[in-house]
Amino acid sequence: MIMPSKYLREDEALVGISAALLPLVQKNDNLTALWESAKKIDTIGSFERFILALDFLYLLGLVDLHNDKIVRVQE
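Chemist: Where do I start with the nonpolar core in this structure?
Modeler: In summary, soluble globular proteins display a tendency toward joint burial of nonpolar side chains. Counting 17 residues, the largest nonpolar core has L21, L34, I44 and F50 as its most contacted members. With 5 residues, helix α3 (residues 47-59) is the single largest residue contributor to this core. With residues up to four places along the chain from it excluded, the contact list for L34 reads L21, L24, V25, D29, F50, L54 and I70.

Chemist: When you look at helix α2 (residues 31-38) in this model, what are you seeing that I'm missing?
Modeler: Because the α-helix completes a turn every 3.6 residues, residues three or four places apart line up on one side. Restricting attention to buried positions, one finds in α2 the residues L34, W35, S37 and A38. Taken around the axis of α2, the buried residues stretch over an arc of 165°, which confines them to a single face. Buried positions along α2 lie against α1 (14-21), α3 and β2 (69-72).

Chemist: Explanation requested: the side chain of S18 in the structure shown.
Modeler: Assignment of secondary structure puts S18 in helix α1. For S18, a relative accessible area of 3% gives the class buried. Within the structure, the side chain of S18 is placed 2.8 Å from the backbone oxygen of L14, a separation counted as a polar contact. Setting aside chain neighbours within four positions, we find S18 in contact with A53, F56 and L57.

Chemist: In this structure, what is going on with the environment of L21? I would like to understand it.
Modeler: Residue position: L21 is located in helix α1. Under the relative-accessibility criterion, L21 is labelled buried at 0%. Considered as a pair, L21 and L34 are 13 residues apart in the sequence and their alpha carbons are 9.0 Å apart. Apart from residues lying up to four places away in sequence, L21 is in contact with L34, A38, I44, F50, A53, L54 and L57.

Chemist: What's the story with the pairing of β2 in this structure? I'm lost.
Modeler: The side chains of a regular strand alternate, residue by residue, between the two faces of the sheet. As paired strands, strand β1 (residues 63-66) and β2 are joined by 4 bridges and run antiparallel to one another. If you follow V63 over to β2, its bridge partner there is R72.

About the criteria used
- Residues numbered from 1 in each chain as written.
- Predicted model: local features only at pLDDT ≥ 70, side-chain atom pairs only at ≥ 80, totals over all residues.
- Heavy atoms only, no water.
- Core = buried A, V, L, I, M, F, W, Y, C linked by side-chain atoms within 4.5 Å.
- Buried < 20%, exposed > 50% of the residue type's maximum accessible area, 1.4 Å probe, protein only.
- Helix = DSSP H or I, 4+ residues; strand = E, 2+ residues; numbered from the N terminus.
- Contact = heavy atoms within 4.5 Å.
- Arc of directions from axis to C-beta.
- Polar contact = N/O pair within 3.5 Å; in protein donor to acceptor, adjacent residues only side chain to side chain.
- Pairing = 2+ DSSP bridges.

In structure tokens form, the structure reads like this:
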């Protein structure tokens, strides 16, 4: 589920979904606004996959939550 395999395409794996979601986080939106723009992307699909990808990005230290806004971590 996290990594692509011969049975799971890259765009269906959590890594691929997270890669599609990461550029949208730059807008410094709240969860609702981010979901509204992310649900237009076919690879994200459902809200459940959106949340899993967002959790994955948080675990990797690429996004964080500041003042109820989801922000991309700049190093």
